[in-house]
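Here is how the chains run, residue by residue.
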Amino acid sequence: MTVHHALLPGAAAERPSREITLGVMGGGQLGRMFVHAAQQMGFFTAVLDPDADSPAGRVSHHHVRAAYLDEAGLAQLAQLADAITTEFENVPAPALERLAALRPVAPGAQAVAIAQDRAKEKAHFVACGVPCAPHAVIETAQQLAAVDAALLPGILKTARLGYDGKGQVRVTTREALAEAWHGLGGVPCVLEQMLPLAAECSVIVARGRDGAMVHYAPQVNEHQNGILAVTQAFPVDDAGVIDAALADQAVAATRAIAEGIGYVGVLCVEFFVLEDGRLVVNEMAPRPHNSGHYTMDACDQSQFDLQVRALAGLPLAPPRQHSPALMLNLLGDLWFAAGSDTQQSPPWDAVLALPGTHLHLYGKVEARRGRKMGHLNITGATPEAVRATAREAARLLGLTSASLG
Ligand code: ADP
Ligand code: MG
């Protein structure tokens, strides 16, 4: 532990007799995988989440069961933890500010606040010189009336609290737009022009307090009903849509976006690749991301390892992908027999008999349709081998995917 004390010297001086503890706001699956990575390196962990059965709370050394804005809970987390991160982006910014007064917090409240608000996020992208979809902010009836018709057909998205396609309505006419805005409660929204997508990809970077930054190559993502379904992490030229020049452009854009807010920690930026080959930024997540879960089995350091390093002030060595990989998201739907409410266990025996399959389940007590229950990483010697195994796993699980052909 002395090494860790040296990395967080303030903590060592204050409490020389205790192990170093890393704290995380939120107890979901991302928190759980962060906790596992932290524990592997000898850190103790503390999770704040109101749910007694939260996936991360159940595996952490300490679980503070409190609401995210609960003063006493935040004080307890700060008391337990030497540095604190967040695992979900809707953690209230005031909670992070409160914690930051007491302990190092990464990413910072300001970066999280930008990622929480689509309008601020787009303004940040523009300020970094990274093109995003043509859009308009709609906060008032006047702004609604003044919307440029060129933005239709478009997607109306609530500026805050949307995720996995929630809080979004596709609109083609002004009337439908007005109806959709009122239907969303007249809350601040962003209307985005509907773009012709050839593909979607994302880039994950990790940036340390000293400004050093490392990245993974872009991965290609397929969404179904607004939720990530499949991530392919093959050498760039194998994916077909993302050539080396586009990959470089996406990495450079992600680095500029992280740099521009003095970001500390793991950041994921999602992009659209348009039919004409242009790259357009969609959104960013101030944390490890679902599209980076393949790194757990296909890279010498996972995105969670990098988050631990960034938070603890350890060096960020560039990660290396040692195997082509593909990830299948496992949603709660898999636990239900087709067209019925009867729960069943997916056929893990058959899936795990396939070579190069790595099953990750998040320990969620209850399966619900659309709920992220786990993911299956598939690695192999070649992209073809990985795809063949993925096709077979998808068949066994009853999953369909355009990326698998
Ligand atoms: P969320 O925060 O729920 O992930 P996104 O803004 O990423 O919301 O949208 C979810 C998905 O909807 C995207 O991954 C993409 O497939 C589709 N989508 C979103 N915006 C656009 C757009 N402007 N044009 C075309 N498709 C879009
Ligand atoms: Mg998204």
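The coordinates are above.
Residues numbered from 1 in each chain as written. Chains lettered and ligands numbered in written order. Predicted model: local features only at pLDDT ≥ 70, side-chain atom pairs only at ≥ 80, totals over all residues. Heavy atoms only, no water.

## Regarding the sheet that holds strand β2 (residues 44–48)
Across the sheet, 4 strands lie side by side as β3-β2-β1-β4; this open sheet has parallel pairing. At either margin of the open sheet sits one strand with a lone partner, and together these are β3 (62–64) and β4 (83–86). Taken pair by pair, the neighbouring strands of this sheet meet at an average axis angle of 20°, ignoring direction. With 5 bridges connecting them, strand β1 (residues 21–25) and β2 associate as parallel partners. Paired with G23 across the bridge in β2 is A46. (Pairing = 2+ DSSP bridges. Helix = DSSP H or I, 4+ residues; strand = E, 2+ residues; numbered from the N terminus. Axes fitted to C-alpha atoms, helices over the stretch in contact; angles between N-to-C directions.)

## Quick notes on the site of ligand 1
Contacts to ligand 1 come from 18 residues, most closely from K157, G165, Q168, E200 and N282. One of the side-chain N or O atoms of K157 is found 2.6 Å from an oxygen atom in ligand 1. Q193 places a polar main-chain atom, nitrogen or oxygen, 3.0 Å from a nitrogen atom of ligand 1. Considering ligand 1 on its own, with 550 Å² of exposed area, one finds that the protein chains cover 93% of that surface. Those elements that place two or more of their residues in the shell around ligand 1 are β6 (154–158), β7 (168–171), β8 (189–193), β9 (197–207) and β14 (279–285). Counted by class, the shell around ligand 1 contains 6 nonpolar, 5 polar and 7 charged residues. Of the domains in this structure, domain 2 (134–193) and domain 3 (197–397) are the two that each give at least three residues to the shell around ligand 1. (Near = heavy atom within 4 Å. Polar contact = N/O pair within 3.5 Å; in protein donor to acceptor, adjacent residues only side chain to side chain. Areas by Shrake-Rupley, 256 points an atom, 1.4 Å probe, with all protein chains shown as cover. Nonpolar A, V, L, I, M, F, W, Y, C, P; charged D, E, K, R; others polar. Domains from an automatic or database assignment.)

## A short note on helix α9 (residues 174–183)
Three or more residues of α9 are buried, namely L177, A180 and W181. Buried positions in α9, seen along its axis, are confined to an arc of 100° and lie on one side of it. The exposed residues of α9 that point more than 90 degrees off its buried face are E175, E179, H182 and G183. Tucked into the core, α9 has its buried residues touching β5 (135–138), α8 (141–145), β6, β7 and β8. (Buried < 20%, exposed > 50% of the residue type's maximum accessible area, 1.4 Å probe, protein only. Arc of directions from axis to C-beta. Contact = heavy atoms within 4.5 Å.)

Remember, this is a structural readout, not a statement about activity or role.
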